[in-house]
Amino acid sequence: MRMTRIALKSLRARWTSLTGAFVALTLGVALTAAMTLGLAGVPALPPGEDAVVLYAVLGTASGVTTFVSAFVVASTYAYAVAQRRRELGLLRLAGATPAQVRRTVLTEALLLGTAASATGCLTGRAGAPRLAAQLVAAGMAPPGFTSGTASWPLYAAFATGLLVALGGVAVAARRAGRTGPLDALREADVDTGVMTAGRWVWAVGLLLTAAAVVATALATDPGRLLARKTYTTQPMLLISACALLTPVLTPPLLRLLAWLPARLTRCTGRLAREGAATGLRRTGAVAAPVLVSVALAGSLAGALQTVSAARAAEARAQSAADYVVTPGGRGTGAGAGLPDALRAVPGLVVSPTAGTRLSVVEPDGAVVATEARAADPAALAVVSRLPVLAGSVAALDDDGVVLPEEWPQHTVGQRVPVVRPDGSRTTLRVAAVLRDGLGDNGLYVTARNAPGAVVDRIDVRLLPGADRAGTDARLRAEARAHGATVATRDAWLAAAHPADNRTARLRSALVLGLALLYTGIALANTLVMATADRRPELAVLRLAGATRGQVVALVTAESLLVVTAGAVLGCAVAGLDLAGMHAALAVLGVSAPVPLPWGTVGAVAAAAAVITVPCAALSTVWALRGRPVAAVAR
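Since the model is a prediction, treat every value here as computed from it, not as a measurement.

## Details of the nonpolar core
Stage number 1. With 76 residues, the main nonpolar core has L54, V68, F145 and I239 as its most contacted residues.
Stage number 2. Top element by residues in this core is helix α12 (residues 280-318). It accounts for 15 residues.
Stage number 3. With sequence-adjacent residues up to four places away left out, L54 is seen in contact with L39, V42, L45, G59, L135, M140, A141, P142 and F145.
Stage number 4. Membership of the second largest hydrophobic core comes to 32 residues, among which are V29, A80, A173 and M529.

Quick look at the structure:
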C-alpha cells in the first residue's frame, strides 16, 4: 500500500513526462476499440470481396496500432526510468528493496494503463460509427456498412491497453529494480552500460527469428513472404531488433552524418555530434519513433508496390496474346456466339476461357474450393506461356486437369478427385503441373468439367503472316457487333494489374497516417522530457558564453541529427525486409523490381523533421528561462 501511494505521488509529480505515453496508449486503445467494433460488423455483410477487404484493412491497422503504441510506451518509460535513477537510488537508500522499486514502477504503469484504457474505450465507442462512415465514404466499405454493437470489442481493447502498458514497462521496471543506492549520488550525464546482456540476447534473438522466418519461407513456401500478414508483421521483428541495437548502431552513424556539419561549422556540429553520442538513452528515445515510422512506411508501401509489380510481371510473362476481348454480357451469346464469330476471322487463334470454381479432394478427405478456368487446350497452348514444370498444357482433355505445384497431388498422370460446380464428382488425370506463382496459377480444365461456366475473357493471337491492319479492323468490328470490348495485351494488363490500386493505396495511407500520428506524439513528448532534464547542461553552456539563440540552435541541430539517424536506420530495416521479398520472387521465378518508395519515406522523414524543429526549439527556450546560475545550482 505504501508503494502504491508512492506511485500515485510519482505520477502527479511527473505527469508531464508521461503525457506522451498516456496519449499514445489512449489513442491506441481508442483505435483498437473502433476497429474491433468495425470487424464485429463485417459478418453482417454478404460474403465477397468487400468483406475480405474490410478484414484486411481493419486487421492490419489494428495490428499496427497495437505494435506502435506498445513501442511508444516502452520507449517513453525506458527513458523515464533512466531519468529517475537518482530518485530511485534515494528510495533504495531509504530502505526500499529492488522488488518494491519494481512494484512501484509497475503500479504506475497499471494506474496509467487503466486510466488510458478506460478513456480510450469511451472514445473508441463514440468514434466507431464515424470510422465506419469514413470507410464507406472512401470506398473501402460497401454502402450501408455499420460498426458492430457487441461489447466484447471494448473488453478486448481494454485488456489490450493494460497488456501494452504492463508489457511495455516490464523491462524498464526490471532495470529500475537494479538501481543501486549509490546511484542517488550519480552526477555524470554520460550513459554507460546501456547494452546489457539481456538487451543483447533479445536483439540477437529477434534478428535470428526474422532470419529464420525468411529462410523457412524461402525453403518451403516463398509465396508466404508476399502475403499481407507476413509483410505486415515481418518489419516489426526487425524494427524491435534495430531499436534494441541503437546504442551500438547510432554512434558510428552519428559520426558519419555529422562529419560534414562538424567541418562546416565552428562548434555547433561537433557539440551536436558529441551530445547525441554521449546521451545514448536520450538519442535512442528520440530516434525510436522515427525508426518505426520510416521502417513501416518503407516496408508496407514498398511491399504493396512490389506485389503489384510482381503480379503484373507474372501476368505479362504468361501471356502470348496480342489482344484480349472482354464480352459485354453474361449470356450464352457472349459465351458461344462471340468466340465463333472471332474464329471466322482469318489469321487469328482464339482462346475463350471461363471462370469457374472446382473443389479438389485432398488425400486426407478435405474438400478445398479453388478458382479454376475452363479452356480449349490447343488454343490455350498457343496464346499463353504458362510456367509448366512437368507435362504439357496441350495434353489437357476432358479427362485431365492442369494444376499448380502447391497441390498435394501434383504428379503427371496421377488421378485427382474433384467436385464440379454442379456438385458431381469425378477423378481427373494430371496433364501438367505449373510452378507456384503469386496465387494466380490456378486450375485449368475443359468446358465439360465446368458446367454452367460463362466465357468472360477471350485471348487472341495473330498468326505469322496475317494482315495486321485488316485483321485488327475485322476483330474490332466483330467485337462491337457482340457488345464486347477489345484491348491490346499491354492495355489489358495495365487495367487488370495496375501498379497501385486504390484499395491498397488507401490501406497504406491509413497505416502510415497512424504511424505518423504516433511519431508526432512520441517525438514531442520525448523532446520535452529530454530538454527539461538538460537544464543544468544548457545553463553551463550559457555561463561559458553561448547566447540563448546559439543554445537553441545547438539543441535543434542535435535533435535533427538524431532524427536523421533514426530515418537512416528505418530505411535499412525497410531495405532488409524488401530484400526478403526480392529473394522470394527470385525463387518463384518472377522477374519484378523491388523498389524502396523514396517518396513515401522522404515524406515521413520530412514530417518527423517538421515536428522536431519547433518542439526542440520551444522546449529549449522554456528550459533556458531564469538565470543560468540558478539552474546550475539546482
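There is more to say after this.
## Considerations on the pattern of salt bridges
Stage number 1. The final tally for this structure, using the stated rule, is 13 salt bridges.
Stage number 2. A salt bridge links E558 to R282; the nearest nitrogen and oxygen atoms lie 3.1 Å apart. Of the two residues, E558 is situated in helix α19 (residues 548-588) and R282 in helix α12; the sequence distance between them amounts to 276 residues.
Stage number 3. Among the residues examined, R282 registers a relative accessible area of 12% and is labelled buried.

## Let's talk about the confidence of the model for the protein chain
Stage number 1. Averaged over every residue, the pLDDT of the protein chain is 82; residues scoring 70 or more account for 90%.
Stage number 2. Taken together, the stretch residues 331-335 has pLDDT below 50 and engages in eight contacts with residues farther than four places along the chain or on a different chain.

## A closer look at the packing of helix α8 (residues 228-244) against α19
Stage number 1. Their axes nearest at 10 Å, the elements α8 and α19 cross at an angle of 140°. Considering the angle they form, α8 stands oblique to α19. Of the two possible hands of crossing, α8 and α19 adopt the one that is right-handed. Between α8 and α19, the contacting residues are Y231, Q234, P235, L238, I239 and C242 on the first element and L569, V573, L576, D577 and M581 on the second.
Stage number 2. Partitioned by chemical class, the residues of the contact of α8 with α19 number nine nonpolar, one polar and one charged.

## Considering a nonpolar patch on the surface
Stage number 1. Among the surface-exposed residues, W200, V204, L208, V248 and L249 lie close enough to one another that they form a single nonpolar patch of about 420 Å² accessible area.
Stage number 2. Elements with a contribution of two residues or more to the nonpolar patch: α7 (197-220) and α9 (246-257).
Stage number 3. At three residues, α7 tops the list of elements feeding residues into the nonpolar patch.
Stage number 4. One can find L249 in helix α9.
Stage number 5. Classification of L249 by relative accessible area gives partly exposed; the value is 32%.

Quick notes on the rules
- Residues numbered from 1 in each chain as written.
- Predicted model: local features only at pLDDT ≥ 70, side-chain atom pairs only at ≥ 80, totals over all residues.
- Heavy atoms only, no water.
- Core = buried A, V, L, I, M, F, W, Y, C linked by side-chain atoms within 4.5 Å.
- Buried < 20%, exposed > 50% of the residue type's maximum accessible area, 1.4 Å probe, protein only.
- Helix = DSSP H or I, 4+ residues; strand = E, 2+ residues; numbered from the N terminus.
- Contact = heavy atoms within 4.5 Å.
- Salt bridge = Lys/Arg side-chain N within 4 Å of Asp/Glu carboxyl O.
- pLDDT = per-residue confidence, 0-100.
- Axes fitted to C-alpha atoms, helices over the stretch in contact; angles between N-to-C directions.
- Parallel < 35°, antiparallel > 145°, perpendicular 65-115°, else oblique.
- Left-handed = near helix turned anticlockwise from the far one by under 90°.
- Nonpolar A, V, L, I, M, F, W, Y, C, P; charged D, E, K, R; others polar.
- Patch = residues over 30% accessible without salt bridge, like charges linked within 9 Å, V, L, I, M, F, W, Y side chains within 5 Å.
- Areas by Shrake-Rupley, 256 points an atom, 1.4 Å probe, with all protein chains shown as cover.

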